[in-house]
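Each chain, written out:
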Amino acid sequence: MIERFEQQTPASVMARMVLEEALPAQWIDEVFEAHRGQQYARTLMFSTVVELMTLVTLGLRPSLHAAARQSRSLPVSLAALYEKVSGTRPELLRALVQGSAQRLAPVMGSLDRPRSLPGWRLRVVDGNHLGRSEKRLGVLRGRRGAALPGHALVVYDPDEALVRDLVACEDAYESERVGVMPLVAGAEPGDLWVADSHFCTRALLQGWQDAAASFIVREHGRHPRVGERGAWSEAVRIDTGRVRECAITLQALRVQARPCTPWRCIEIELDEPTESGSTTLRLWSNLPATVEAATIAALYRKRWRIEGLFGRLESVLDSEIKTLGHPRAALLGFTVAVLAYNVLALLQAVIEQAHRPALPELEVSTFHLAQHVKQGFEGLLVAVPAQCWSELAEPSPERLARRLLELAMHLPAKKLATAKRGPKVATSKGWVDGRTARSHFSTARLLKASGRSP
C-alpha cells in the first residue's frame, strides 16, 4: 500500500515520514507531561489535539470544530476539546517548537547546505501579531473593534530554513521588547542574532554579549545612547551602496559598576532609499574584526527572510485560525502551523538537492509543495495506520535523509518550481474621496471598450 502511494503521491509519503520524525505522538505527550501545568491527560491525549490542529493548518479541515466532528476516534466531547485547547500554556508551545527543530536539525544537517558565515549559527528574531479573530467568546460579543488574540516572537535560521524557537505572548499589547527577553536565556556561544531596530535595547544587546553570542542589530534613533564614537574608516563599495565603520561605546549607567564593552557601528549609505525613505542604515555588532563590515551588511539583508516566512505561514498554511478567539487556542494554531512549516522546509531542501544535477537553479515553491502534500495525505492517513509509521521509521537521521532523497526523484521538479515574475511596476495610489473609493464598474464593459473580448 505504501509503495503505491510512493509512486502516485510521493510528497504525501515524505511529509508523513518527516512528521513521524519531528512530531511522534509519544514524544508530544511526553513534552505535554513536562509542561502541562494544571492540565492533565486522562482520556484526551495532547498528541490527538496536535493531530487535529495539523489537519486545519494544512487546509484539510476548515476549522477545529469541523476536524473534531469528522474524527472517528475523538474520545471526549467538543466542550472538553476546546477546554484543553484553551488551556495550553505558552511554555508548552515553546517546548514543542524547540524540541521539534532539534529533532529535524540532524536530518537537515545531512543535506548539502551552505552556511552564511562559517563558524556561526544565524538566528533571525522578529515578532508576528496574529490577525483579528471572530467574536465567538462571550466577552467579545457586542464589542466594536478588532479582537486581537496575541502575538509570537519567532527565531528563524535562514541557513537551515527552520524555526528554532518561539515565545507565545497572550497579551496582544505586551511589548515585544519584554517578550523577547526569554530568548536571551537560550543564547549560546556561536549564535549570531540578527534583529531590526525595534530590538535595539541595552538589556537585549548586553544579554547576548554576556552569553558570548554575537549580534547584528539595526541602530535605533533614540536609544541606547552612545557615549563615545571612534573615527570612521574609509568607505568601501558594496552592491547596494557604500559601507564604513567605527567603534562605539554606550553611555555608562549610574548604577553600572563595570565599563561598557566597545562595539562596532557599520554605516551603509544606500544607492536607493528604502520604502520608508531612509538613505542611510546603521548597524551595531559585536562580531570580531576578522568579519568585514561588508560581510556584516550582507548578513543583515538576510533578516528579510523572516518576513517571507510570515507571509508563507499565512498564505500557504492556515496559521491564523479566525474561529479560535481564545489567545491560547489561537497561539496553539499558529504554533502547529510553524511545526508544519518546518516539515515543508525540510522537504524543500531535499527536493532541491535531489534534482540539483539536472536543475541547478531549482527553487521549490512552498505553495506548490503544500498542494502536492495535500493531494494524498488524507488518504494516506486512512490507508496506513499510525502504528505502521513508527515501525517503519528510519533508525538514523542520515538514513532518513537518504530515503527522502530517493522519494524526491519521483516528484515532478519543474511543476514544483517557483514562478519567476518581473519587477513590480511602481504605482501611486494617492488619496481619493470616499465617493470615489466606494464606486464600482463592470469589467466586461471596460474590456469591450478597450477592444478586447470580455
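Values in this document were obtained by computation on a predicted structure and should not be read as measured data.

Turning to the confidence of the model for the protein chain, a few remarks are in order. Within the protein chain, residue pLDDT values average 89, and 97% of them lie at 70 or more. Mean pLDDT across the elements of the protein chain ranges from a minimum in helix α15 (residues 386-391), with 79, to a maximum in strand β4 (residues 191-195), with 96.

With that settled, the discussion passes to empty space enclosed by the protein. Remark: the empty space left among the atoms is shown by a probe the size of a water molecule rolled over them. The full count for this structure, using the stated rule, is 4 cavities of 30 Å³ or more. Residue lining of the largest cavity: Ala15, Leu19, Thr54, Leu58, Ala340, Val343, Leu344, Val373 and Phe377, and that is the complete set. The dominant element in the lining of the largest cavity, judged by the number of residues it contributes, is helix α13 (residues 327-354), at 3 residues. Broken down by class, the residue content of the lining of the largest cavity amounts to 8 nonpolar, 1 polar and no charged. Every residue along the wall of the second largest cavity is listed here: Leu130, Gly131, Arg132, Ser133, Pro149, Ser319, Glu320, Ile321, Lys322, Leu324 and Ala330. By residue class, the composition of the lining of the second largest cavity is 5 nonpolar, 3 polar and 3 charged.

On to helix α4 (residues 46-57), then. Since there are 3.6 residues in each turn of an α-helix, residues three or four apart along the chain are aligned in direction. Between its first and last C-alpha, α4 extends 16 Å over 12 residues, near the 16 Å set by a 1.5 Å rise per residue. Taken residue by residue, α4 has Phe46, Ser47, Val49, Val50, Leu52, Met53, Thr54, Leu55, Val56 and Thr57 as its buried positions. In this structure, the buried side of α4 is in contact with α3 (25-35), α5 (64-70), α6 (78-86), α7 (90-109), α13 and α14 (366-383).

Tracing the sequence through the fold places Gln39 in the loop between α3 and α4. Within polar-contact distance, the side chain of Gln39 engages the backbone oxygen of Gly87 at 3.5 Å. If sequence neighbours within four positions are ignored, Gln39 has contacts with Phe32, Glu83, Lys84, Gly87 and Thr88.

Per the counting criterion, the structure on display carries 4 aromatic pairs. Summarising the aromatic geometry, the rings of Phe32 and Phe46 are spaced 5.2 Å apart at their centres and angled 10° between planes, so their arrangement reads as stacked. Placement of Phe32 in helix α3 and of Phe46 in helix α4 is noted, with a sequence separation of 14 residues between them. Judged by its relative accessible area of 0%, Phe46 falls in the buried class. Consider the rings of Phe215 and Trp263, whose centres lie 5.2 Å apart with planes at 85°: the pair is edge-to-face. With Phe215 in strand β5 (residues 214-218) and Trp263 in strand β9 (residues 263-270), the pair connects residues that are 48 residues apart, well separated along the chain. By relative accessible area, which is 4% here, Trp263 ends up buried.

Moving on, we come to α3. All of the buried residues along α3 are Trp27, Ile28, Asp29, Val31 and Phe32. Looking at the buried side of α3, the elements it contacts are α2 (10-22), α4, α6 and α7. Two residues or fewer past α3, Gly37 is found with a positive phi of approximately 70°.

Another aspect to go through is the environment of Val373. Relative to the helices and strands, Val373 is located in helix α14. With relative accessibility at 3%, the residue Val373 sits in the buried group. The spatial distance from the C-alpha of Val373 to the C-alpha of Val13 is 8.1 Å, given a sequence separation of 360 residues. The residues touching Val373, leaving out its near neighbours within four places in the chain, are Ala11, Ser12, Ala15, Leu344 and Leu347.

The next point concerns the packing of α2 against α14. To characterise two packed helices, one gives the angle between the axes of the helices and the distance between these axes. At a minimum axis separation of 7 Å, α2 and α14 run at an interaxial angle of 70°. If you check the angle between α2 and α14, you find them roughly perpendicular. Judged by the twist between their axes, the crossing of α2 over α14 is right-handed. Where α2 approaches α14, its residues Ala11, Ser12, Val13, Ala15, Arg16 and Leu19 are matched on the opposing element by His372, Val373, Gln375, Gly376, Phe377, Leu380 and Leu381. Of the residues in the contact of α2 with α14, the class split is 8 nonpolar, 4 polar and 1 charged.

The backbone phi angle of Ala161 is positive, close to 60°, even though this residue is not glycine. Looking at the element boundaries, Ala161 is found in the loop between β2 (151-157) and β3 (162-169).

About the thresholds
- Residues numbered from 1 in each chain as written.
- Predicted model: local features only at pLDDT ≥ 70, side-chain atom pairs only at ≥ 80, totals over all residues.
- Heavy atoms only, no water.
- pLDDT = per-residue confidence, 0-100.
- Helix = DSSP H or I, 4+ residues; strand = E, 2+ residues; numbered from the N terminus.
- 1 Å grid on protein atoms, 1.4 Å probe; cavity = no way out; pocket = protein on both sides within 12 Å on 5 of 7 lines; lining within 4 Å.
- Points joined across faces, edges and corners; volume = space filled by probe spheres on them.
- Nonpolar A, V, L, I, M, F, W, Y, C, P; charged D, E, K, R; others polar.
- Expected span 1.5 Å × (residues − 1).
- Buried < 20%, exposed > 50% of the residue type's maximum accessible area, 1.4 Å probe, protein only.
- Contact = heavy atoms within 4.5 Å.
- Polar contact = N/O pair within 3.5 Å; in protein donor to acceptor, adjacent residues only side chain to side chain.
- Phe/Tyr/Trp six-rings, centres within 6.5 Å; stacked < 30°, edge-to-face > 60°.
- Axes fitted to C-alpha atoms, helices over the stretch in contact; angles between N-to-C directions.
- Parallel < 35°, antiparallel > 145°, perpendicular 65-115°, else oblique.
- Left-handed = near helix turned anticlockwise from the far one by under 90°.

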